[in-house]
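Commentary on secondary and tertiary structure
Below, each chain spelled out in residue letters.
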Amino acid sequence: MWIATALAVALAALPLYAGAVARLLHPEGAGPARSAGANVATLKVKVPSMDCAACAVDIQRALGKEEGVARAEVVFKTKEAVIEYDPARISPEKVIAVIDETGFKAERVERKQ
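Keep in mind that this is a model prediction, so the values were computed, not measured.

**A few points about the environment of Glu66**
Mapped onto the fold, Glu66 is located in the loop between helix 3 (53–65) and strand 2 (69–75). Take Glu66: its relative accessible area is 22%, and that puts it in the partly exposed class. Remark: the alpha-carbon pair of Glu66 and Val95, spanning 29 residues in sequence, is separated by 8.3 Å. With near-sequence residues (within four places) excluded, Glu66 lies in contact with Ile90, Lys94 and Val98.

This is how it looks when you write it as structure tokens:
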């Protein structure tokens with residue numbers, strides 16, 4: 001009975017620690033290296049359908065594998081992603097399409113002027 005209780009508590013707490021475990025298994029530095037002096041642009045998007053920290057890690061991992069993405073930071077708490085990319089190698093539309101392919105709808109954040 002104690003084993004079943006411990007397992008139930010561990011599963012109930014999964015959303016709290018899944019992101020940390022995923023980051024341990026896939027360190028941020030594991031993505032493609034950025035060349036020095038590369039032309040870098042920044043794209044900020046909202047991902048309102050993201051529902052757990054592990055989802056954020058999955059999106060970040062998919063972006064990190066994409067050619068032309070220098071850095072991606074996806075934050076579950078704010079449901080936002082900030083992506084640094086080389087506009088000569090990948091377009092903002094392609095970056096959004098990569099996020100959409102993970103099963104989450106990305107919406108570009110318009111800059112206030």
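Read on, since the account is not over.
**Focus: the sheet that holds strand 4 (residues 107–108)**
Overall, antiparallel pairing links the four strands, which are arranged 2-3-1-4 in an open sheet. Of all strands in the sheet, those with a lone pairing partner are strand 2 and strand 4, marking the two edges. Direction of pairing for strand 1 (residues 41–46) relative to strand 3 (residues 80–85): antiparallel, over a ladder of six bridges. In the sheet register, Leu43 faces strand 3, and the bridge partner there is Ile83.

**Let's talk about the environment of Glu84**
Among the secondary structure elements, Glu84 is positioned in strand 3. Judged by its relative accessible area of 17%, Glu84 is buried. Once the C-alpha coordinates of Glu84 and Ala70 are considered, the two residues, 14 residues apart in sequence, prove to be 5.4 Å apart.

**Points about the nonpolar core**
Counting 23 residues, the largest nonpolar core has Val45, Ile59, Leu63, Ile83 and Ile99 as its most contacted members. In this view, Ile99 contacts Val45, Val47, Ile59, Leu63, Ile83, Phe104 and Ala106; residues no more than four positions away in its chain are not counted.

**A look at the pattern of salt bridges**
Enumeration over the complete set of coordinates arrives at seven salt bridges. Where Arg61 meets Asp58, a salt bridge forms, and the shortest distance between an N and an O atom there is 3.4 Å. Of this pair, Arg61 and Asp58 both sit in helix 3, three residues apart, roughly one helical turn. Glu73 is the salt-bridge partner of Arg71, the closest N and O atoms lying 3.3 Å from each other. Among the ionic contacts, a cluster of salt bridges with common partners joins Lys44, Lys46 and Glu80.

**So, the pairing of strand 3**
Most of strand 3 is tucked away, with five of its six residues classed as buried. Summarising the sheet, strand 2 and strand 3 pair through six bridges and their orientation is antiparallel. When the sheet's bridge partners are listed, Ala72 is paired in strand 3 with Ile83.

About the criteria used
Residues numbered from 1 in each chain as written. Predicted model: local features only at pLDDT ≥ 70, side-chain atom pairs only at ≥ 80, totals over all residues. Heavy atoms only, no water. Helix = DSSP H or I, 4+ residues; strand = E, 2+ residues; numbered from the N terminus. Buried < 20%, exposed > 50% of the residue type's maximum accessible area, 1.4 Å probe, protein only. Contact = heavy atoms within 4.5 Å. Pairing = 2+ DSSP bridges. Core = buried A, V, L, I, M, F, W, Y, C linked by side-chain atoms within 4.5 Å. Salt bridge = Lys/Arg side-chain N within 4 Å of Asp/Glu carboxyl O.

Coordinates in, geometry out; function isn't part of it.
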